[in-house]
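Architecture and fold: a report
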Amino acid sequence: MASSLTSTTATATAAAAVARPAARRRLAVRASATSLRLAGRPLRVAVVGGGPAGGAAAETLAKGGVETILIERKLDNCKPCGGAIPLCMVDEFALPLDLIDRRVTKMKMISPSNVAVDIGRTLAPDEYIGMVRREVLDAYLRSRAAAAGADVVNGLFLKFDAPQEPNGPYRIHYNHYEGVKGEKGEKRTIEVDAVVGADGANSRVAKGMGAGDYEYAIAFQERVRISEDKMDYYRERAEMYVGDDVSPDFYGWVFPKCDHVAVGTGTVTHKADIKKFQAATRLRARDKIEGGKIIRVEAHPIPEHPRPKRVSDRVTLVGDAAGYVTKCSGEGIYFAAKSGRMCAEAIVEGSANGTRLIDESDLRKYLEKFDKMYWPTYKVLDVLQKVFYRSNAAREAFVEMCADEYVQKMTFDSYLYKRVVPGNPLDDIRLAINTIGSLVRASALRREMNKITL
């Protein structure tokens, strides 16, 4: 679910105030005069995990003169992910347009009582939210990393051994599968100077560096092939459902793909009931997916906040392994790729294009830069989730607020371009008043609902 569309329906002023510019900058290579110069070879880095974070990191490292080994076990991986990417990612990561299955310009946010609000009226003719399949996007980014010079290995990372002496190598243990018979693979070991953990929510790299645990959601998704006439309805449309029936703390979705729709939901607090919530999501969308054939079922953990530790010596985390998925929205694809690239840029810079050994301070520069740009976004969406997902009455208020065109414009601009969008002070005041009014009505509605329940 790494990127979803509810971020386009969050409180616009708050979301816009925390977005940051995402333009690439030319690397200024500055290595420490005291860092160890590598003799006769370039810096060697292992990137564990071949999703958007790992692919973006490996490509940037290889282009920067670093010997790069990318280890990924499932080269045909299909993560259960809504697959929405912001428009800025297409240009920023030079994604070919044929990688995008659908250009979503029409969205429906559907309340617990099935009140539907159309979202997207403020989009310009050339603006859209891209829908991708993760198996296609991930494979493309890995292939680009390989073209840049990275060694892409079909292998299962097992563990790493820390250096036994200062400036010593990390020993990477993994099962190698390419050209090897049998399911267990062939045990191999390589030595590297640094490790980038891009191996998802169940990161073994994170475990090895003692990064600590975090809360996580379970995302459950079914890919459903529906008739052509029903698929036509979803040609440029996505749907989001909120309510205790589809998730007590998240939302359900129907997102269009090339020849099918992805129907899913997620939860942090009631993981054991995920199949019940999925059934409720299908029930809510039944008229539009009726007669469809389930062609794939997927489930995966999704982090809810960054890990307590993301850097240790010459080991660091990016993407889901670091916990870079926003609450309320579940957006993660862009932040994964962005963190992978920023981490790699810090390594290239700190190593003077692979000629010197890096240390922890080089990796911390990536963290400082990433947090400065995006940490407020995570905090604001955390607040939004706590305010608007706490009850069905609050969700009704949330959907009501989404009908406001000012909310839509400000939030879409912030989501699509990941930049600060200045608001109109008078409209900001009106929005604040309307938001308070929606919450007051929600509180009153909840009290009445409680009376009925009693």
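Keep in mind that what you see is a predicted model, and the values were worked out from it rather than measured.

1. What about the nonpolar core?
Counting 104 residues, the largest nonpolar core has Val45, Leu95, Met107, Ile172, Ile347 and Tyr366 as its most contacted members. Each residue touching Leu95, except ones within four places of it in the same chain, is listed here: Ile85, Met89, Val90, Leu137, Tyr140 and Leu141. Residues Ile110, Val246, Val263 and Ala280 belong to the second largest nonpolar core, which totals 13 residues.

2. Considering the pairing of strand E5 (residues 106-110)
For E5, a buried count of four out of five residues is recorded, marking the element as mostly surrounded by other parts of the structure. Two elements, E5 and strand E13 (residues 237-243), share five bridges in a ladder whose sense is parallel. Each bridged residue has a counterpart across the sheet, and for Lys106 the counterpart in E13 is Arg237. Taken together, the four bridges between E5 and strand E6 (residues 116-119) define a ladder with antiparallel strand orientation. Within the sheet, the bridge partner assigned to Ile110 lies in E6 and is Ala116.

3. Brief notes about the sheet that holds strand E7 (residues 129-131)
Taking strand neighbours across the sheet as the criterion, the three strands line up as E3-E7-E4 in an open arrangement whose pairing is antiparallel. Every interior strand has two partners, whereas the edge strands, strand E3 (84-85) and strand E4 (102-104), have only one. Of the pairings in the sheet, the one linking E4 to E7 comprises three bridges and is antiparallel in character. Each residue of the ladder has a partner; that of Arg103, found in E7, is Gly130.

4. With respect to the UniProt feature "domain: FAD-binding" (unreviewed entry) in the protein chain
What UniProt calls "domain: FAD-binding" (unreviewed entry) maps, in this numbering, to residues 44-74. Segment residues 44-74 splits into 39% helix and 35% strand. End C-alpha atoms: 23 Å apart.

How each quantity is defined
- Residues numbered from 1 in each chain as written.
- Predicted model: local features only at pLDDT ≥ 70, side-chain atom pairs only at ≥ 80, totals over all residues.
- Heavy atoms only, no water.
- Core = buried A, V, L, I, M, F, W, Y, C linked by side-chain atoms within 4.5 Å.
- Buried < 20%, exposed > 50% of the residue type's maximum accessible area, 1.4 Å probe, protein only.
- Contact = heavy atoms within 4.5 Å.
- Helix = DSSP H or I, 4+ residues; strand = E, 2+ residues; numbered from the N terminus.
- Pairing = 2+ DSSP bridges.
- UniProt positions renumbered as here; feature names shortened; annotations may be inferred.

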